[in-house]
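This is what each chain is made of:
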Amino acid sequence: MDVGLRQFVIDAWSWLNYKPVMAEAGRPGSRAFPELAKTWVPPYELRRLAAYKVLASYDNNQAGQLAATGGDASALERRELGDAANLVDTALGYLLGSEQKVAVEGAEHADEETPTPGAAEAAAVQDRLRKWADKELLTFRVQQAERTAVLLGDSVLALAWNPEKQRPTLRAYDPGFFFPQWDDEDDDFPHRVHLAWELPADDDAGLKARVRRVTYELGPIDEGGDDDADGVGASGRTYPWEPGRTSNVTCYLTDAEWLLDDLKSGEALDHLPMGKASFRVRSDGTELNRLDLMIDFVPVVHIANTIPNGGEHWGRSVLARVLQALDELAATDSDSSAASATTGTPIIGLAGARLPVDRATGRPQELEVKAGAVWQLGETGRMDALDTSPQLAELRARVDHLLERIAANSRVTAAGLGTLDATEVPSGYALKLALGPLDALIGMMRLAREHKYRLLFKMVQRLYQAGRAEGWTVGETLPARLAWAPHTPTDRGAVLEEVVKAYGAGVLSLETAVSMLLEAGYPIKDASQEVERIRAKAEQEAAARVAEVAVRRGAQVPEDGDGQQADGARATQVLSTGATR
């Protein structure tokens, strides 16, 4: 007898192979997710897209419904109480911290008495980037993208220059719409990127089902246009961020739609028939068919939740290692609910009882277990109740055990999830040790994103330069990053004491001292402005003391400021005074 065996597959999503919907390597999820069977979806992307669908079902408490499509009919009765979503949201909260800020390297030295070269320019760029972040709701977009990345393992951010707003716009996309094309697997970035999704039919508007594909592609510059307009010369184009170098590469944008009825078998996403395409038109009437964007990069950033393995490009969900434990937890919750029903309303056996008779049918009536019920028993009557409380206690203990395993194996830890009893922690040092795995997890997740956000802010600066926006001059873009707040509470008193002692001893600058207070959670909105206020207050107090001494001696106060204390000593006194207050 021919028995169909599952294929043994090891890839970025092999941790999902225990799911029936992922067992078939060739067409995973074909029954559960019929939309993946569309002809335009590339076959090599099916496992990734199916994995996203499975993870989304856990986030929406629909894992039981998904299991039922694989043949487990009893899974429909499974209780799902939001444990997966809680784990995702908790990890997301620790990743994001209390706030995120744009920081340009060197900007913190702009307010020093002897600023380093380029510090003023860095501070100006930082100010402009922060204003852009406020206008584009950067924190909101980051939270959109990061929750998707923590849940699914990947997320996508796309930039576009808006000529009306005169700034780059930022949008977050579902990673299921993201289809990068690498010419060489060793390349750091793809040369062609598709953002594609299906548009359902609209009978009221008379529209059939379509597939929309937005394509960014790097290619040689078409020199058939106006050289004066696009800056293309005989040797190539000079971009404003590389004024001393010419390039023959540009990025082309194509935005088109195809009717699903027009697509045949074998016409996958990268080989859709251009002759049947319907190109979209921009608000100014320009057809989006290989539109030259006047930039030499693809303005799409893929964010991975974890550092990919060698040869891989995709991240891993925070649920990946504990997915089977979440299944066990849902099953145990269901069993616990059933056991609690029999414990609260037990099964009772009666012997020798006089049952009431229904006068209409003459048959004995069923007895109900409720408060105030009275049953008449004969001389040899007996009542026995089935006690299921020991089983219920065991099930509840198993729930606690599974929660501990999930907390440990996900590295969010019981302390991070808030399930750790505070009385079990003997000291703050013990709590810090308990949070050690969480610290490592967040450190790894932030490291995986460090370069991607640097790349995002580099693209923002270059789009401003390409759009010839006011204030953005020709020159190399400055390195900027996304600064995260601490993910766990800090001992603010200890940090303040450390700052005062270190600054008073002269081993820390005033700027560094204020930055440490800012990172510790003190309500300092801008470090440079806080430094200016500290110095101004120190100078006022020093001037007042000099004037008081002069009055006592009967001398005139020097106009040139002689006798004033050094900035370091004055600021130390202000910090010390603030600590005692």
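Predicted model only: the values in this text are computed from it and were never measured.

Asker: Sorry, what's going on with the overall build of the protein here?
Answerer: Counting secondary structure elements, the protein contains 16 helices and 16 strands. Look at the contacts in the protein between residues 6 or more apart in sequence, and 66% of them connect residues 24 or more apart. Carbon and sulfur atoms form 50% of the exposed surface of the protein, whose accessible area is close to 32000 Å².

Asker: What should I look at first to understand the environment of R147 in this one?
Answerer: With respect to the secondary-structure elements, R147 resides in helix 6 (residues 138-152). In this structure the C-alpha to C-alpha distance between R147 and L95, which are 52 residues apart in sequence, comes to 9.8 Å.

Asker: Looking at this model, I keep getting lost on the nonpolar core. Mind explaining?
Answerer: Nonpolar side chains in soluble globular proteins generally cluster together in the buried interior. By size, the foremost hydrophobic cluster in this structure holds 110 residues, and its most contacted members are W40, W132, L138, L319 and Y453. Counting residues per element, this core draws most heavily on helix 12 (residues 436-466), which supplies 12 residues. If we ignore the near neighbours within four places in the chain, the residues touching L319 are L55, Y58, A84, L87, V88, L151 and L326. One finds Y503, L510, L517 and A520 within the second-largest nonpolar core, a separate group that totals 13 residues.

Asker: Even after reading the chapter, I still don't get the environment of E379, so can you show me in this structure?
Answerer: Positionally, E379 belongs in strand 15 (residues 377-385). What makes E379 exposed here is its relative accessible area of 86%. Along the chain, E379 and A353 lie 26 residues apart, while their C-alpha atoms are 9.4 Å from each other.

Asker: Please explain the side chain of S155 as it appears in this structure.
Answerer: Following the sequence through the fold, S155 ends up in strand 2 (residues 154-162). Residue contacts for S155: discarding those within four places in its chain leaves A145, T148, A149, P175, V301, H302 and I303.

Asker: When you look at the packing of aromatic side chains in this model, what are you seeing that I'm missing?
Answerer: Any two aromatic rings considered together are summarised by their centre-to-centre distance and by the angle between their planes. Within the structure shown, the criterion is met by 9 aromatic pairs. For the ring pair F178 and W314, a centre distance of 6.1 Å and an interplane angle of 80° mean the geometry is edge-to-face. In this pair, F178 sits in strand 4 (residues 178-181) while W314 sits in the loop between strand 13 (300-304) and helix 8 (323-344), placing the two residues 136 residues apart along the sequence. Here the two residues F178 and W314 agree in accessibility, since each one is buried.

Asker: Teacher, can you tell me more about the sheet that holds strand 3 (residues 167-173) here?
Answerer: For sheets, the rule is that strands pair by backbone hydrogen bonds, running either parallel or antiparallel. A sheet is described by the order of its strands in space; here 3 strands give the open sequence 3-2-13, paired in antiparallel fashion. In the strand order of this sheet, the two ends are held by strand 3 and strand 13, each with one partner. Adjacent strand axes in the sheet meet at a mean angle of 25°, parallel and antiparallel pairs treated alike. Bridge count for strand 2 against strand 13 is 5 bridges, and the pairing is antiparallel. Paired with A158 across the bridge in strand 13 is V300. Helix 6 rests against strand 2, strand 3 and strand 13 of the sheet, and its axis sits at about 150° to strand 2.

Asker: Sorry if this is basic, but what is going on with a negative patch on the surface here?
Answerer: Residues D400, E404, D421 and E424 make up a contiguous surface patch of negative charge. Here D400 is to be found in helix 9 (residues 389-410).

Asker: When you look at the pattern of salt bridges in this model, what are you seeing that I'm missing?
Answerer: Scanning all chains against the criterion turns up 25 salt bridges. Residue E548 pairs with R552 through a salt bridge whose shortest N-O separation is 2.7 Å. Taken together, the residues span about one helical turn, with E548 and R552 both in helix 15 (residues 527-553) at a distance of 4 residues. R552 sits in the exposed class, given a relative accessible area of 67%.

Cut-offs applied
Residues numbered from 1 in each chain as written. Predicted model: local features only at pLDDT ≥ 70, side-chain atom pairs only at ≥ 80, totals over all residues. Heavy atoms only, no water. Helix = DSSP H or I, 4+ residues; strand = E, 2+ residues; numbered from the N terminus. Contact = heavy atoms within 4.5 Å. Areas by Shrake-Rupley, 256 points an atom, 1.4 Å probe, with all protein chains shown as cover. Core = buried A, V, L, I, M, F, W, Y, C linked by side-chain atoms within 4.5 Å. Buried < 20%, exposed > 50% of the residue type's maximum accessible area, 1.4 Å probe, protein only. Phe/Tyr/Trp six-rings, centres within 6.5 Å; stacked < 30°, edge-to-face > 60°. Pairing = 2+ DSSP bridges. Axes fitted to C-alpha atoms, helices over the stretch in contact; angles between N-to-C directions. Patch = residues over 30% accessible without salt bridge, like charges linked within 9 Å, V, L, I, M, F, W, Y side chains within 5 Å. Salt bridge = Lys/Arg side-chain N within 4 Å of Asp/Glu carboxyl O. Lys, Arg positive; Asp, Glu negative; His and termini not counted. Charge placed at Lys NZ, Arg CZ, Asp CG, Glu CD.

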